[in-house]
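# Tertiary structure, described
Here are the chains, one letter per residue:
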4 protein chains.
Amino acid sequence: MSPAAPEPAPSAKPGRPRSDRARRAVLHAVDDMLIEDGYAAMTMKGIAERAGVGRQTVYRWWSTKAEILMEASEADARSELRSPEQSDPARELSSYLMLLRTFLATSPAGVAYRALVGEAQHDPAVRQLIERADLLTTSARPVLLRVQPFTKAMPAIELAAAQLAGPVLSQALTTPEPFTDDALRAHADTLASGWHARFGSHPEAM
Amino acid sequence: MSPAAPEPAPSAKPGRPRSDRARRAVLHAVDDMLIEDGYAAMTMKGIAERAGVGRQTVYRWWSTKAEILMEASEADARSELRSPEQSDPARELSSYLMLLRTFLATSPAGVAYRALVGEAQHDPAVRQLIERADLLTTSARPVLLRVQPFTKAMPAIELAAAQLAGPVLSQALTTPEPFTDDALRAHADTLASGWHARFGSHPEAM
Amino acid sequence: MSPAAPEPAPSAKPGRPRSDRARRAVLHAVDDMLIEDGYAAMTMKGIAERAGVGRQTVYRWWSTKAEILMEASEADARSELRSPEQSDPARELSSYLMLLRTFLATSPAGVAYRALVGEAQHDPAVRQLIERADLLTTSARPVLLRVQPFTKAMPAIELAAAQLAGPVLSQALTTPEPFTDDALRAHADTLASGWHARFGSHPEAM
Amino acid sequence: MSPAAPEPAPSAKPGRPRSDRARRAVLHAVDDMLIEDGYAAMTMKGIAERAGVGRQTVYRWWSTKAEILMEASEADARSELRSPEQSDPARELSSYLMLLRTFLATSPAGVAYRALVGEAQHDPAVRQLIERADLLTTSARPVLLRVQPFTKAMPAIELAAAQLAGPVLSQALTTPEPFTDDALRAHADTLASGWHARFGSHPEAM
DNA sequence: TAATAATCGAGACGGTACGTCTTGTCTTCGT
DNA sequence: ACGAAGACAAGACGTACCGTCTCGATTATTA
């Protein structure tokens, strides 16, 4: 009887709206399959089947498995790399380094990131995704900004971030064993010294 | 009586010996195709056809295209990363860094190395090849050994190599632009200072 | 209101339906290739390419080239072996024999049948196809049923069919020259006599 | 002077003579493999390995597996199809038919013959081998010659052989079950009657 | 006693079909 | 219009066999 406003949705577009159920199913499938089978064994076909979703639905919203993986893991990656503020500058560096090392070595989002960096070496489109995300600089920046006031000559943030995080990423990508805590502390010390730190809250400093 | 040990054959195996012509054709094909088409577009089928070689012949001697690429580029990579001795320690570090940066950015062997590091993230077998080669430590070691006498506290070679080369490799793998010469010099300075170097203040120290 | 038999769809299955265009292209390709190149030179790969069809599409609907060939030629074979009714029993036998001889020697469907009998000796699956089709008995039966009333002791249809058609098939499979018309008439006479026929000399005998 | 040229051998050729050991090993291998794995699964490679013989050695003496199989089985086939003389003409025909049926159904040489007839439909070279051997006429001829005096109108030997043996071969090649003894006796009777036999030396005849 | 020559087993060679897999597109139905 | 199902053309995968070739070793005849 009601005049029946047939306008159930705030979405102005006609037709059936995108199914959020399908979107989440795909993202979860990708997350799971990466851990269970690895990146190489993941296929668009497999993802669609695992998600219980039509193949075309996947292709409609994403071009490659890398793109899906990016969307599935980027938020996690950023939040997991948010290094909490520390009591002193030396700790800022070393606790960030440990966070990063563990993220790359064991976190699902870290595994995803390594896979994406790998794929970026073969596929220019993935390369752009990785460059845009720039996870290293992005995650190191807050730490460096907190440490900067205590140093006399830290270089530009981009270089400093590479100096800080680059060795850890390289290690994760090319060697079997990640750095120990001691190694990371030594690395932090080297950089702190190199940046002419006066980390003056510590009386003996320099 | 018999004056000679009856050691007649250096080739003990029966059957037709391996064709060196085929081996070289495959390695050259891989080298060329990587530059022309990129790693992803390279296929075992394509390599065999390009080399004018049977498919089975490729599979007989190599398991994956990564393995071929490794054999094709490893020697080049090692020789291209042999950093010539410099007049002073500061130059040792920075000229190695520039060599490494340019190798990764433009050398065919460097492109191959990046592709292999990429593939190592997807394939454990390639991962082992990369770990065994350990190009960073191997190439940085001679430089570090020459610099070490001038520092008071350089850490273990493995860590020092990662500190030195890691940022350059990470940059090459994840960002669009390689480091400038200035940035590399700044990085060298940072490490030298961090390692408590007494560079040059004692020029006679050499 | 209407009871409305809710039988809207003959195709209950979801998904894209089978392409009849692809099916016919494959069957035609097989027909042509058998004549042009022979059975041994036909390959699943070649059939797919000749038909302009994906390889998987062929394998999806047929297991072997023999299966395709069977489907492509069975209908033709049956219709070509339908021997028209004759004015007298002696003619029934001899005209069927000539039909069969010429079918096996020159008809494309006859060539296909010979190839399939050949393959049946190597592949049990093809063997079953051939056994199920039982072309000899099937094609001879109508002839024998028309002749039977004029004989006193024709054996069971299966044996009679083998007696009638077996020599012609054997000849086609193992010797260079097919039987002449005279030979076939002599064969028909032998069987007619052997079956104690009182053919036509006594038309009222019916 | 020369006390008899030392020419002990009909083999005038220089060089190492053909190894009879290798020849027999190949023939045995083919015999065994046909029974164990079937014709289709036999390969030149497999035969060589099974015989413990080089691949080239096989190709040196035979072109195809069919040729080897022919050499391996022809002698057996001929001797197994030598039908012993019987006490009366009716028995001549029926005991030959039973011999032939059992040969085709169960004898290794019979299996080989069926495989060769099969291959002959695909390969003209094998076709010629089969035509030259003409096993049916060859084996039926002695029987027919012994029976002929007792018939008034047996056709030419080739046709008579096809009439006699053709149904049995066709049955063996295209149907699952071979003929029973009764069926073969009925077939013999039909032909005998058809050939106007007077088999009359036997009072009860006909 | 050597030289010559054809054989032997072994196994790599360039090719090519096998049957399976994944790709990205398309075509159908039901919601 | 979207979503699921699944067929479509294309083409790489790694394996098997093809028939040829190249080895070193063996076994004959001829000089």
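In this report, we go over the structure that sits alongside the text. Nothing here was measured: the structure is a model prediction, and the numbers come from that model.

## Examining the overall build of chain A
Looking only at helices and strands, one finds 10 helices and zero strands in chain A. Here chain A, with 206 residues, has 48% of them falling under the buried criterion. Contacts spanning at least 24 positions in sequence make up 60% of the contacts within chain A whose residues lie at least 6 apart. Surface accessibility of chain A: about 10400 Å² in total, with carbon and sulfur atoms responsible for 53%.

## Let's talk about the pattern of salt bridges
All names here are of chain C. According to the stated counting rule, one finds 52 salt bridges over all chains in the structure shown. Across the pair Arg101 and Asp181 runs a salt bridge whose closest N-O atoms are separated by 2.7 Å. Residue Arg101 is found in helix H5 (residues 89-106), and its partner Asp181 is found in helix H10 (residues 181-194); the two are separated by 80 residues along the sequence. Asp181 gets classed as partly exposed once you look at its relative accessible area, which sits at 32%.

## Focus: the packing of helix H5 (residues 89-106) of chain A against helix H8 (residues 135-147) of chain A
Residue and element names in this part refer to chain A. Contact pair H5 / H8: the axes reach a minimum separation of 9 Å and the direction vectors enclose 165°. The pairing of H5 with H8 is recorded here as roughly antiparallel in orientation. For the element pair H5 and H8, the recorded crossing hand is right-handed. Across the interface between the two elements, Pro89, Glu92, Leu93, Tyr96 and Phe103 of H5 pack against Leu135, Leu136, Ser139, Ala140, Val143, Arg146 and Val147 of H8. Of the residues assigned to the contact of H5 with H8, the class counts are nine nonpolar, one polar and two charged.

## Details of the layout of surface pockets
Residue and element names in this part refer to chain B. Estimates place the volume of the largest pocket at around 410 Å³. For the largest pocket, the lining is made up of 17 residues, of which Arg16, Pro17, Arg18, Ser19 and Trp61 are closest to its centre. Per element, the largest residue contribution to the lining of the largest pocket is four residues, and it comes from helix H1 (residues 20-37). For the lining of the largest pocket, the residue count by class is seven nonpolar, four polar and six charged. Among the residues forming the lining of the second largest pocket, the class breakdown is three nonpolar, four polar and four charged.

## Brief notes about the relation of the copies chain D and chain C
With an RMSD of 0.2 Å, chain D superimposes on chain C once it is rotated by 179° and translated 0.0 Å along the axis. Accordingly, the operation relating the two chain copies is best matched by a two-fold axis. A share of 100% of interface residues in chain D that are also interface residues in chain C marks the association as one of identical surfaces.

## What to know about the interface of chain D and chain C
Contacts between the two partners involve 38 residues from chain D, matched on the other side by 38 residues from chain C. In this assembly, chain D packs against chain C so that about 3000 Å² is buried in total across both faces, 63% of it on carbon and sulfur atoms. Summed over the three residues of chain D that lose the most area to chain C, namely Gln121(D), His122(D) and Thr174(D), the buried surface amounts to 20% of that side. For the interface between chain D and chain C, the tally reads zero salt bridges. Our count for the contact surface shared by chain D and chain C stands at 15 residue pairs in polar contact (both at pLDDT 80 or more).

## Topic: the interface of chain B and chain A
Taken together, the contacts link 38 residues of chain B with 38 residues of chain A. Of all residues in chain B, Gln121(B), His122(B) and Thr174(B) bury the most surface against chain A, accounting for 20% of the area lost on that side. Connecting chain B to chain A are zero salt bridges. Across the chain B-chain A interface, the total number found is 15 residue pairs in polar contact (both at pLDDT 80 or more). Mapped by element, the contributors of at least two residues to the side of chain B that touches chain A are helix H6 (108-120), helix H7 (124-133), helix H9 (157-174) and helix H10 (181-194) of chain B. Counting residues per element, the side of chain B that touches chain A draws most heavily on H9(B), which supplies 11 residues. By residue class, the composition of the side of chain B that touches chain A is 19 nonpolar, 14 polar and five charged.

## Focus: the packing of aromatic side chains
Between two aromatic rings, the relevant description is the distance of the centres plus the angle of the planes. In the structure shown here, the tally under the stated rule is zero aromatic pairs over all chains. The ring centre of Trp62(C) lies 5.2 Å from the NZ or CZ of Arg18(C), which sits over that ring. A cation sits over an aromatic face here: Arg18(D) above Trp61(D), 4.1 Å from the ring centre.

## Here we look at the protein's contact with DNA strand E
Around DNA strand E there are 44 residues in total, and Gln56(A), Lys45(C), Arg55(C), Tyr59(C) and Thr57(D) lie nearest to it. Near-protein atoms of DNA strand E (within 4 Å) split between backbone and bases, with sugar and phosphate holding 62%. A distance of 2.9 Å is found between a phosphate oxygen of DNA strand E and a side-chain nitrogen or oxygen belonging to Arg60(D). Of all the secondary-structure elements, those providing two or more residues to the surface near DNA strand E are helix H2 (44-51) and helix H3 (55-61) of chain A, H1 and helix H3 (55-61) of chain B, helix H2 (44-51) and helix H3 (55-61) of chain C together with helix H3 (55-61) of chain D.

## Brief notes about the packing of helix H9 (residues 157-174) of chain D against helix H10 (residues 181-194) of chain D
Residue and element names in this part refer to chain D. The N-to-C vectors of H9 and H10 enclose an angle of 155°; their axes lie 10 Å apart at closest approach. The angle between H9 and H10 falls in the class roughly antiparallel. Here H9 runs over H10; the crossing is right-handed. For the pair H9 and H10, the contacting residues are Gln163, Leu164, Pro167 and Val168 in the first and Leu184, His187 and Leu191 in the second.

## Some words on helix H7 (residues 124-133) of chain A
Of all the positions in H7(A), only Val126(A), Arg127(A), Ile130(A) and Ala133(A) are classed as buried. Around the axis of H7(A), the buried residues are gathered within 130° of arc, so they sit on the same side. Structural note: H7(A) exposes Pro124(A) and Arg132(A) on the side pointing more than 90 degrees away from its buried face. Elements that come into contact with the buried residues of H7(A) comprise helix H4 (65-80), helix H6 (108-120) and H8 of chain A together with H6 and H9 of chain B. Two or three places before Ala125(A), at the start of H7(A), stands the capping residue Asp123(A), its side-chain oxygen 2.8 Å from that residue's backbone nitrogen.

## Comments concerning the relation of the copies chain B and chain A
Mapping between the two chain copies consists of a rotation about an axis together with a translation along that axis. Superposition record for chain B on chain A: RMSD 0.1 Å, screw rotation 180°, translation along axis 0.0 Å. Both copies present the same face, since 100% of the interface residues in chain B are matched by interface residues at the equivalent positions in chain A.

## Side note on the side chain of Ser83(B)
Turning to its location among the elements, Ser83(B) is positioned in the loop between helix H4 (65-80) and helix H5 (89-106). The contacts of Ser83(B), once residues within four sequence positions are left out, are Ser95(B), Tyr96(B), Leu99(B), Val143(B) and Arg146(B).

## Quick word on the arrangement of the chains
Separated in space, chain B and chain C share no contact, their closest pair of C-alpha atoms being 17 Å apart. Of all C-alpha pairs spanning chain A and chain D, none lies closer than 34 Å, and the two are not in contact.

Analysis parameters
Residues numbered from 1 in each chain as written. Chains lettered and ligands numbered in written order. Predicted model: local features only at pLDDT ≥ 70, side-chain atom pairs only at ≥ 80, totals over all residues. Heavy atoms only, no water. Helix = DSSP H or I, 4+ residues; strand = E, 2+ residues; numbered from the N terminus. Buried < 20%, exposed > 50% of the residue type's maximum accessible area, 1.4 Å probe, protein only. Contact = heavy atoms within 4.5 Å. Areas by Shrake-Rupley, 256 points an atom, 1.4 Å probe, with all protein chains shown as cover. Salt bridge = Lys/Arg side-chain N within 4 Å of Asp/Glu carboxyl O. Axes fitted to C-alpha atoms, helices over the stretch in contact; angles between N-to-C directions. Parallel < 35°, antiparallel > 145°, perpendicular 65-115°, else oblique. Left-handed = near helix turned anticlockwise from the far one by under 90°. Nonpolar A, V, L, I, M, F, W, Y, C, P; charged D, E, K, R; others polar. 1 Å grid on protein atoms, 1.4 Å probe; cavity = no way out; pocket = protein on both sides within 12 Å on 5 of 7 lines; lining within 4 Å. Points joined across faces, edges and corners; volume = space filled by probe spheres on them. Least-squares fit on C-alpha atoms with pLDDT ≥ 70 in both. Buried area = accessible area lost by both parts, 1.4 Å probe. Polar contact = N/O pair within 3.5 Å; in protein donor to acceptor, adjacent residues only side chain to side chain. Phe/Tyr/Trp six-rings, centres within 6.5 Å; stacked < 30°, edge-to-face > 60°. Lys NZ or Arg CZ within 6 Å of the ring centre and 35° of its normal. Near = heavy atom within 4 Å. Arc of directions from axis to C-beta.

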